[in-house]
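Residue strings, one per chain:
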Amino acid sequence: MGIPAVLVVLPLGMLFILSGLIVNLIQAVFFVLVRPVSKNLYRKINKVVVELLWLELIWLVDWWSGVKVDVYADKETFELMGKEHALLICNHRSDIDWLVGWVLAQRFGCLGSALAIMKREAKFLPIIGWSMWFSDYVFVERSWAKDQSTLKSGFERLEDFPMPFWLALFVEGTRFTQEKLLAAQEYASPRGLPVPRNILIPRTKGFVSAVCHMRSFVPAIYDCTMAVPKDQPAPTMLRMFRRKSSLVNLQIRRHPMRELPETADGIAQWCKDVFVTKDALLEMYYAKGVFSDQEHRDILRPKKSLTVVIFWACLLIFGIVMLFKSTSFLASWPVIGFTVTFLVLVAITMQILIQSSESERSTPPSKLTQPDPMSERLIKK
(Lines give C-alpha, C1' and ligand atoms only; values in the text may rest on other atoms or scores of the structure.)
Protein backbone atom coordinates (compact mmCIF):
# COMPACT_ATOMS: atom_id res chain seq x y z
CA MET A 1 0.00 0.00 0.00
CA GLY A 2 1.39 3.36 -1.05
CA ILE A 3 2.03 6.17 1.41
CA PRO A 4 2.67 9.86 0.76
CA ALA A 5 6.28 10.26 -0.30
CA VAL A 6 6.76 13.42 1.77
CA LEU A 7 6.27 11.42 4.98
CA VAL A 8 9.15 9.16 4.01
CA VAL A 9 11.56 11.35 2.04
CA LEU A 10 12.41 13.66 4.94
CA PRO A 11 13.32 11.07 7.62
CA LEU A 12 15.04 8.76 5.14
CA GLY A 13 16.72 11.79 3.61
CA MET A 14 18.13 12.76 7.01
CA LEU A 15 19.42 9.24 7.47
CA PHE A 16 20.98 9.09 3.99
CA ILE A 17 22.54 12.56 4.08
CA LEU A 18 24.00 12.32 7.58
CA SER A 19 25.40 8.84 6.96
CA GLY A 20 26.56 9.94 3.52
CA LEU A 21 28.49 12.89 4.93
CA ILE A 22 30.20 10.54 7.38
CA VAL A 23 31.06 8.15 4.54
CA ASN A 24 32.33 11.03 2.35
CA LEU A 25 34.51 12.26 5.20
CA ILE A 26 35.99 8.79 5.74
CA GLN A 27 36.61 8.45 2.00
CA ALA A 28 38.34 11.83 1.92
CA VAL A 29 40.60 10.93 4.85
CA PHE A 30 41.69 7.64 3.27
CA PHE A 31 42.05 9.34 -0.12
CA VAL A 32 44.54 11.81 1.36
CA LEU A 33 46.37 9.49 3.75
CA VAL A 34 46.30 6.05 2.10
CA ARG A 35 45.92 6.45 -1.66
CA PRO A 36 49.29 8.24 -2.17
CA VAL A 37 50.99 5.34 -0.37
CA SER A 38 49.03 2.42 -1.84
CA LYS A 39 46.30 2.87 -4.42
CA ASN A 40 45.20 -0.76 -4.15
CA LEU A 41 44.95 -0.66 -0.36
CA TYR A 42 42.86 2.49 -0.67
CA ARG A 43 40.55 0.75 -3.15
CA LYS A 44 40.08 -2.21 -0.82
CA ILE A 45 39.24 0.08 2.09
CA ASN A 46 37.00 2.27 -0.03
CA LYS A 47 35.03 -0.76 -1.22
CA VAL A 48 34.01 -1.51 2.36
CA VAL A 49 33.36 2.13 3.25
CA VAL A 50 31.25 3.05 0.22
CA GLU A 51 29.08 -0.04 0.65
CA LEU A 52 27.93 1.44 3.98
CA LEU A 53 26.23 4.11 1.85
CA TRP A 54 25.18 2.12 -1.23
CA LEU A 55 23.52 -0.54 0.97
CA GLU A 56 20.99 2.04 2.13
CA LEU A 57 19.74 2.27 -1.44
CA ILE A 58 19.74 -1.51 -1.74
CA TRP A 59 17.57 -1.56 1.40
CA LEU A 60 15.18 0.86 -0.29
CA VAL A 61 14.73 -1.65 -3.13
CA ASP A 62 14.76 -4.90 -1.15
CA TRP A 63 13.16 -4.14 2.19
CA TRP A 64 11.24 -0.88 1.95
CA SER A 65 9.57 -0.97 -1.47
CA GLY A 66 9.91 -4.69 -2.18
CA VAL A 67 10.90 -4.26 -5.82
CA LYS A 68 11.55 -7.77 -7.16
CA VAL A 69 14.39 -8.42 -9.61
CA ASP A 70 14.06 -11.62 -11.65
CA VAL A 71 17.36 -12.68 -13.19
CA TYR A 72 17.73 -14.98 -16.21
CA ALA A 73 21.16 -16.37 -17.09
CA ASP A 74 22.87 -19.60 -18.05
CA LYS A 75 24.72 -21.59 -15.41
CA GLU A 76 28.25 -20.64 -16.55
CA THR A 77 27.47 -16.92 -16.56
CA PHE A 78 25.80 -17.07 -13.16
CA GLU A 79 28.74 -18.91 -11.60
CA LEU A 80 31.34 -16.49 -13.00
CA MET A 81 29.57 -13.30 -11.95
CA GLY A 82 31.44 -11.56 -9.15
CA LYS A 83 34.59 -13.60 -9.81
CA GLU A 84 35.94 -11.66 -12.80
CA HIS A 85 36.27 -8.18 -14.24
CA ALA A 86 33.45 -7.39 -16.65
CA LEU A 87 32.22 -4.64 -18.95
CA LEU A 88 28.46 -4.41 -18.50
CA ILE A 89 26.19 -3.02 -21.22
CA CYS A 90 22.45 -2.60 -20.80
CA ASN A 91 19.47 -0.86 -22.31
CA HIS A 92 18.81 2.36 -20.40
CA ARG A 93 15.10 1.83 -19.90
CA SER A 94 13.96 3.02 -16.47
CA ASP A 95 14.71 5.66 -13.86
CA ILE A 96 16.39 3.16 -11.56
CA ASP A 97 18.11 0.68 -13.87
CA TRP A 98 21.43 1.79 -12.36
CA LEU A 99 20.07 0.80 -8.95
CA VAL A 100 18.95 -2.58 -10.28
CA GLY A 101 22.56 -3.04 -11.39
CA TRP A 102 23.70 -2.24 -7.84
CA VAL A 103 21.26 -4.83 -6.45
CA LEU A 104 22.77 -7.43 -8.77
CA ALA A 105 26.32 -6.40 -7.88
CA GLN A 106 25.54 -6.62 -4.17
CA ARG A 107 24.31 -10.19 -4.57
CA PHE A 108 27.66 -11.17 -6.12
CA GLY A 109 29.89 -9.35 -3.64
CA CYS A 110 31.07 -6.49 -5.82
CA LEU A 111 28.78 -3.59 -4.89
CA GLY A 112 31.72 -1.47 -3.74
CA SER A 113 33.59 -2.22 -6.97
CA ALA A 114 30.64 -1.66 -9.30
CA LEU A 115 31.65 1.31 -11.44
CA ALA A 116 30.09 3.21 -14.32
CA ILE A 117 30.75 5.74 -17.04
CA MET A 118 28.70 8.76 -16.02
CA LYS A 119 27.99 12.22 -17.33
CA ARG A 120 30.26 14.83 -15.75
CA GLU A 121 27.43 16.57 -13.87
CA ALA A 122 26.79 13.45 -11.77
CA LYS A 123 29.96 13.87 -9.72
CA PHE A 124 28.61 17.14 -8.32
CA LEU A 125 25.48 15.49 -6.90
CA PRO A 126 25.53 15.78 -3.10
CA ILE A 127 26.67 12.65 -1.26
CA ILE A 128 26.15 10.11 -4.02
CA GLY A 129 28.17 11.92 -6.70
CA TRP A 130 31.01 12.66 -4.29
CA SER A 131 31.19 8.98 -3.31
CA MET A 132 31.36 8.03 -6.99
CA TRP A 133 34.26 10.41 -7.50
CA PHE A 134 36.18 8.73 -4.67
CA SER A 135 35.41 5.31 -6.18
CA ASP A 136 37.05 5.44 -9.65
CA TYR A 137 33.90 6.19 -11.63
CA VAL A 138 34.66 7.62 -15.07
CA PHE A 139 33.01 10.98 -15.85
CA VAL A 140 32.54 12.24 -19.40
CA GLU A 141 31.28 15.45 -21.00
CA ARG A 142 29.56 13.84 -24.03
CA SER A 143 31.98 15.53 -26.38
CA TRP A 144 34.19 12.98 -28.13
CA ALA A 145 37.01 15.49 -28.60
CA LYS A 146 37.23 15.84 -24.80
CA ASP A 147 36.09 12.39 -23.73
CA GLN A 148 38.44 10.30 -25.86
CA SER A 149 41.44 10.94 -23.63
CA THR A 150 39.30 10.86 -20.45
CA LEU A 151 38.01 7.40 -21.31
CA LYS A 152 41.45 6.11 -22.24
CA SER A 153 42.98 7.21 -18.92
CA GLY A 154 39.94 5.94 -17.01
CA PHE A 155 40.15 2.48 -18.60
CA GLU A 156 43.90 2.22 -18.11
CA ARG A 157 43.50 3.24 -14.47
CA LEU A 158 41.47 0.07 -13.90
CA GLU A 159 44.13 -2.30 -15.19
CA ASP A 160 45.59 -2.93 -11.73
CA PHE A 161 42.24 -2.94 -9.87
CA PRO A 162 42.80 -5.39 -7.00
CA MET A 163 39.37 -7.08 -6.96
CA PRO A 164 36.68 -8.05 -9.49
CA PHE A 165 34.90 -4.97 -10.83
CA TRP A 166 31.94 -4.33 -13.13
CA LEU A 167 32.11 -1.26 -15.34
CA ALA A 168 28.66 -0.25 -16.60
CA LEU A 169 28.37 1.52 -19.93
CA PHE A 170 24.96 2.64 -21.18
CA VAL A 171 25.67 2.59 -24.89
CA GLU A 172 22.44 4.39 -25.83
CA GLY A 173 23.95 7.44 -24.14
CA THR A 174 20.74 8.57 -22.45
CA ARG A 175 17.64 7.15 -20.81
CA PHE A 176 14.78 5.87 -22.95
CA THR A 177 11.74 8.07 -23.52
CA GLN A 178 9.11 8.00 -26.25
CA GLU A 179 10.38 11.34 -27.56
CA LYS A 180 13.91 9.96 -27.92
CA LEU A 181 12.59 6.76 -29.52
CA LEU A 182 10.76 8.81 -32.14
CA ALA A 183 13.97 10.74 -32.92
CA ALA A 184 15.87 7.45 -33.27
CA GLN A 185 13.23 6.03 -35.60
CA GLU A 186 13.27 9.15 -37.76
CA TYR A 187 17.04 8.83 -38.02
CA ALA A 188 17.09 5.12 -38.82
CA SER A 189 14.31 4.82 -41.37
CA PRO A 190 15.67 6.92 -44.28
CA ARG A 191 19.15 5.41 -43.85
CA GLY A 192 18.08 1.82 -44.16
CA LEU A 193 19.05 1.00 -40.60
CA PRO A 194 17.01 -1.33 -38.36
CA VAL A 195 14.20 0.81 -36.96
CA PRO A 196 14.16 0.45 -33.15
CA ARG A 197 10.93 -0.18 -31.28
CA ASN A 198 12.05 -0.55 -27.69
CA ILE A 199 15.61 0.82 -27.53
CA LEU A 200 17.60 3.78 -28.78
CA ILE A 201 20.34 3.53 -31.39
CA PRO A 202 23.62 2.70 -29.65
CA ARG A 203 26.45 5.21 -29.80
CA THR A 204 29.45 3.00 -30.22
CA LYS A 205 32.54 5.22 -29.83
CA GLY A 206 32.77 4.77 -26.06
CA PHE A 207 32.14 1.04 -26.36
CA VAL A 208 34.84 0.65 -29.02
CA SER A 209 37.28 2.57 -26.82
CA ALA A 210 36.41 0.42 -23.79
CA VAL A 211 36.94 -2.85 -25.67
CA CYS A 212 40.18 -1.70 -27.28
CA HIS A 213 41.73 -0.56 -24.00
CA MET A 214 40.36 -3.21 -21.65
CA ARG A 215 40.26 -6.45 -23.59
CA SER A 216 43.71 -7.45 -22.29
CA PHE A 217 42.55 -7.53 -18.66
CA VAL A 218 38.73 -7.72 -18.78
CA PRO A 219 37.71 -11.24 -19.85
CA ALA A 220 34.00 -10.73 -20.52
CA ILE A 221 31.13 -8.49 -21.50
CA TYR A 222 27.84 -8.90 -19.64
CA ASP A 223 25.05 -8.09 -22.05
CA CYS A 224 22.03 -7.18 -19.91
CA THR A 225 18.48 -6.66 -21.12
CA MET A 226 16.06 -5.06 -18.70
CA ALA A 227 12.29 -4.96 -18.93
CA VAL A 228 9.26 -4.16 -16.77
CA PRO A 229 5.91 -5.90 -17.48
CA LYS A 230 3.56 -3.74 -19.52
CA ASP A 231 0.80 -4.11 -16.95
CA GLN A 232 2.99 -2.57 -14.26
CA PRO A 233 4.27 0.99 -13.93
CA ALA A 234 8.03 1.34 -14.19
CA PRO A 235 9.75 1.71 -10.81
CA THR A 236 10.90 5.20 -9.87
CA MET A 237 12.54 6.66 -6.78
CA LEU A 238 9.27 8.32 -5.74
CA ARG A 239 7.30 5.09 -6.15
CA MET A 240 9.86 3.27 -4.03
CA PHE A 241 9.68 5.91 -1.29
CA ARG A 242 5.90 5.36 -1.28
CA ARG A 243 6.48 1.60 -0.82
CA LYS A 244 5.05 0.72 -4.22
CA SER A 245 6.53 -2.51 -5.47
CA SER A 246 7.32 -3.53 -9.02
CA LEU A 247 8.87 -6.35 -11.02
CA VAL A 248 12.03 -5.94 -13.07
CA ASN A 249 13.15 -8.68 -15.44
CA LEU A 250 16.85 -8.89 -16.22
CA GLN A 251 18.47 -11.21 -18.76
CA ILE A 252 22.26 -11.55 -18.70
CA ARG A 253 24.37 -13.07 -21.47
CA ARG A 254 28.12 -13.41 -21.10
CA HIS A 255 30.30 -12.77 -24.16
CA PRO A 256 34.01 -13.62 -23.83
CA MET A 257 36.05 -10.59 -24.83
CA ARG A 258 38.29 -12.75 -27.03
CA GLU A 259 35.35 -13.50 -29.33
CA LEU A 260 34.84 -9.85 -30.30
CA PRO A 261 36.25 -8.57 -33.61
CA GLU A 262 39.70 -7.01 -33.63
CA THR A 263 38.91 -3.90 -35.68
CA ALA A 264 37.09 -0.82 -34.45
CA ASP A 265 34.48 -1.10 -37.21
CA GLY A 266 33.91 -4.73 -36.33
CA ILE A 267 33.52 -3.96 -32.62
CA ALA A 268 31.05 -1.17 -33.40
CA GLN A 269 28.99 -3.46 -35.63
CA TRP A 270 29.03 -6.17 -32.97
CA CYS A 271 27.55 -3.70 -30.49
CA LYS A 272 24.86 -2.62 -32.97
CA ASP A 273 23.94 -6.26 -33.64
CA VAL A 274 23.62 -6.93 -29.91
CA PHE A 275 21.17 -4.06 -29.57
CA VAL A 276 19.14 -5.24 -32.57
CA THR A 277 18.84 -8.62 -30.82
CA LYS A 278 17.94 -6.83 -27.58
CA ASP A 279 15.19 -4.91 -29.38
CA ALA A 280 13.76 -8.14 -30.80
CA LEU A 281 13.81 -9.76 -27.35
CA LEU A 282 11.90 -6.85 -25.85
CA GLU A 283 9.42 -6.86 -28.75
CA MET A 284 8.71 -10.56 -28.15
CA TYR A 285 8.35 -9.95 -24.43
CA TYR A 286 5.83 -7.16 -24.82
CA ALA A 287 3.88 -9.10 -27.46
CA LYS A 288 3.88 -12.60 -25.95
CA GLY A 289 4.90 -12.11 -22.34
CA VAL A 290 7.90 -14.44 -22.80
CA PHE A 291 11.05 -12.73 -21.64
CA SER A 292 13.99 -15.10 -21.94
CA ASP A 293 15.04 -18.58 -22.95
CA GLN A 294 17.59 -18.53 -20.13
CA GLU A 295 17.01 -20.23 -16.78
CA HIS A 296 15.53 -18.15 -13.97
CA ARG A 297 18.03 -17.59 -11.13
CA ASP A 298 17.03 -16.82 -7.57
CA ILE A 299 19.17 -14.02 -6.13
CA LEU A 300 17.39 -13.96 -2.75
CA ARG A 301 17.24 -10.91 -0.46
CA PRO A 302 20.19 -10.72 1.96
CA LYS A 303 19.84 -9.04 5.35
CA LYS A 304 23.08 -7.08 5.05
CA SER A 305 21.39 -3.91 3.80
CA LEU A 306 18.78 -4.14 6.57
CA THR A 307 21.56 -4.44 9.17
CA VAL A 308 23.38 -1.39 7.80
CA VAL A 309 20.23 0.76 7.84
CA ILE A 310 19.45 -0.29 11.42
CA PHE A 311 23.02 0.64 12.40
CA TRP A 312 22.78 4.11 10.84
CA ALA A 313 19.29 4.66 12.30
CA CYS A 314 20.48 3.79 15.82
CA LEU A 315 23.47 6.11 15.41
CA LEU A 316 21.21 8.94 14.24
CA ILE A 317 18.72 8.43 17.07
CA PHE A 318 21.55 8.34 19.60
CA GLY A 319 22.88 11.63 18.23
CA ILE A 320 19.47 13.28 18.44
CA VAL A 321 18.97 12.08 22.00
CA MET A 322 22.37 13.44 23.02
CA LEU A 323 21.50 16.75 21.36
CA PHE A 324 18.33 17.03 23.43
CA LYS A 325 20.23 16.19 26.60
CA SER A 326 23.02 18.67 26.00
CA THR A 327 20.81 21.64 25.08
CA SER A 328 17.59 23.16 26.21
CA PHE A 329 16.18 22.48 22.79
CA LEU A 330 12.84 24.26 22.96
CA ALA A 331 14.35 27.31 24.67
CA SER A 332 17.30 27.64 22.30
CA TRP A 333 16.42 29.66 19.24
CA PRO A 334 19.82 29.10 17.58
CA VAL A 335 19.32 25.35 17.85
CA ILE A 336 15.79 25.63 16.49
CA GLY A 337 17.04 27.80 13.63
CA PHE A 338 19.83 25.37 12.82
CA THR A 339 17.41 22.42 12.87
CA VAL A 340 14.92 24.12 10.54
CA THR A 341 17.73 25.13 8.18
CA PHE A 342 19.07 21.58 8.17
CA LEU A 343 15.64 20.11 7.40
CA VAL A 344 15.21 22.55 4.50
CA LEU A 345 18.63 21.55 3.14
CA VAL A 346 17.70 17.87 3.46
CA ALA A 347 14.48 18.48 1.53
CA ILE A 348 16.31 20.39 -1.22
CA THR A 349 19.07 17.79 -1.48
CA MET A 350 16.60 14.91 -1.73
CA GLN A 351 14.66 16.82 -4.38
CA ILE A 352 17.86 17.20 -6.41
CA LEU A 353 18.75 13.52 -6.06
CA ILE A 354 15.26 12.31 -6.98
CA GLN A 355 14.97 14.63 -9.97
CA SER A 356 18.39 13.56 -11.24
CA SER A 357 17.03 10.00 -11.57
CA GLU A 358 13.96 10.93 -13.61
CA SER A 359 13.94 10.01 -17.30
CA GLU A 360 11.96 13.11 -18.21
CA ARG A 361 14.78 15.27 -16.90
CA SER A 362 17.54 13.42 -18.72
CA THR A 363 19.34 14.76 -21.76
CA PRO A 364 16.82 15.70 -24.49
CA PRO A 365 17.04 13.92 -27.85
CA SER A 366 19.81 15.32 -29.99
CA LYS A 367 20.31 15.16 -33.69
CA LEU A 368 22.07 11.96 -34.59
CA THR A 369 24.91 12.11 -37.06
CA GLN A 370 26.65 9.51 -39.12
CA PRO A 371 29.75 8.17 -37.36
CA ASP A 372 33.12 9.28 -38.63
CA PRO A 373 34.91 6.08 -39.74
CA MET A 374 38.32 7.61 -38.99
CA SER A 375 37.35 8.37 -35.39
CA GLU A 376 36.36 4.75 -34.75
CA ARG A 377 39.56 3.13 -35.92
CA LEU A 378 41.32 0.83 -33.52
CA ILE A 379 42.88 2.84 -30.70
CA LYS A 380 46.39 1.67 -30.04
CA LYS A 381 47.88 1.84 -26.60
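Computed from a prediction, not measured in an experiment: that's the story for all the values here. (Residues numbered from 1 in each chain as written. Predicted model: local features only at pLDDT ≥ 70, side-chain atom pairs only at ≥ 80, totals over all residues. Heavy atoms only, no water.)

A.B. asks: Would you take a moment to explain the side chain of Lys47 for this structure?
C.D. replies: On the secondary structure map, Lys47 appears in helix α2 (residues 39-65). Here Gly109 takes part through its backbone oxygen, which lies 3.2 Å from a polar atom of the side chain of Lys47. For Lys47, the residues in contact, after removing those within four places along its chain, are Gly109, Cys110, Gly112, Ser113 and Met163. (Helix = DSSP H or I, 4+ residues; strand = E, 2+ residues; numbered from the N terminus. Polar contact = N/O pair within 3.5 Å; in protein donor to acceptor, adjacent residues only side chain to side chain. Contact = heavy atoms within 4.5 Å.)

A.B. asks: Any chance you could explain the environment of Glu172 here in plain terms?
C.D. replies: Note that Glu172 resides in the loop between β5 (166-169) and α7 (178-188). Sequence spacing of Glu172 and Ile201 is 29 residues, and the spatial spacing of their C-alpha atoms is 6.0 Å. When neighbours within four sequence positions are excluded, Glu172 is seen to be in contact with Cys90, Asn91, His92, Ile199, Leu200, Ile201, Pro202, Arg203 and Phe275. Looking at Glu172, its side chain comes within polar contact range of the main-chain nitrogen of Leu200, at 2.7 Å.

A.B. asks: Teacher, can you tell me more about the pattern of salt bridges here?
C.D. replies: Between side chains of opposite charge, a pair can form as their charged atoms come close. Here the structure, examined in full by the defined rule, presents 15 salt bridges. For the salt bridge of Lys39 with Asp160, the shortest nitrogen-to-oxygen distance reads 3.6 Å. Of this pair, Lys39 sits in helix α2 while Asp160 sits in the loop between α6 (144-157) and β5; the two residues are 121 residues apart in sequence, bridging distant segments of the chain. Between Glu84 and Arg254 there is a salt bridge whose closest N-O contact spans 2.9 Å. Placement of Glu84 in the loop between α3 (75-80) and β2 (86-90) and of Arg254 in strand β7 (residues 247-256) is noted, with a sequence separation of 170 residues between them. Since its relative accessible area comes to 10%, Glu84 is described here as buried. (Salt bridge = Lys/Arg side-chain N within 4 Å of Asp/Glu carboxyl O. Buried < 20%, exposed > 50% of the residue type's maximum accessible area, 1.4 Å probe, protein only.)

A.B. asks: Explain the environment of Trp102 to me, please; I cannot follow it from the model alone.
C.D. replies: On the secondary structure map, Trp102 appears in helix α4 (residues 97-107). Assessed through its relative accessible area of 6%, Trp102 is described here as buried. Along the sequence, Trp102 and Gly112 sit ten residues apart, while their C-alpha atoms lie 9.0 Å from each other. Among residues more than four places away in sequence, those in contact with Trp102 are Trp54, Leu57, Ile58, Leu111, Ala114, Ile128, Met132 and Tyr137.

A.B. asks: How do you make sense of unusual backbone geometry when you look at a structure like this?
C.D. replies: Residues other than glycine predominantly adopt negative phi, and peptide bonds predominantly adopt the trans conformation. Notably, Asp136 is not glycine yet its phi reads approximately 70°, a positive angle. With respect to the helices and strands, the residue Asp136 is situated in the loop between α5 (128-134) and β4 (138-140). Here Arg142, not a glycine, exhibits a phi torsion of approximately 60°, which is positive. Relative to the helices and strands, Arg142 is located in the loop between β4 and α6. The exposure class assigned to Arg142 is partly exposed, which follows from its relative accessible area of 44%.

A.B. asks: Looking at this structure, how should I read the sheet that holds β7?
C.D. replies: Adjacent strands of a sheet pair through backbone hydrogen bonds, lying either parallel or antiparallel. One open sheet accounts for eight strands, arranged β4-β3-β5-β2-β6-β7-β1-β8; its pairing is mixed. Sheet topology places β4 and β8 (296-297) at the edges, where each strand pairs with a single neighbour. In this structure, strand β1 (residues 68-72) lies alongside β7, joined through five bridges in parallel fashion. Of the residues in β7, the one forming a bridge with Asp70 is Asn249. Docked against the sheet, helix α8 (residues 205-214) engages β2, β5 and β6 (220-227), running at close to 165° with respect to β2. Sheet contacts for helix α10 (residues 264-288): β2, β6 and β7; angle to β6, the most-contacted strand, approximately 30°. (Pairing = 2+ DSSP bridges. Axes fitted to C-alpha atoms, helices over the stretch in contact; angles between N-to-C directions.)

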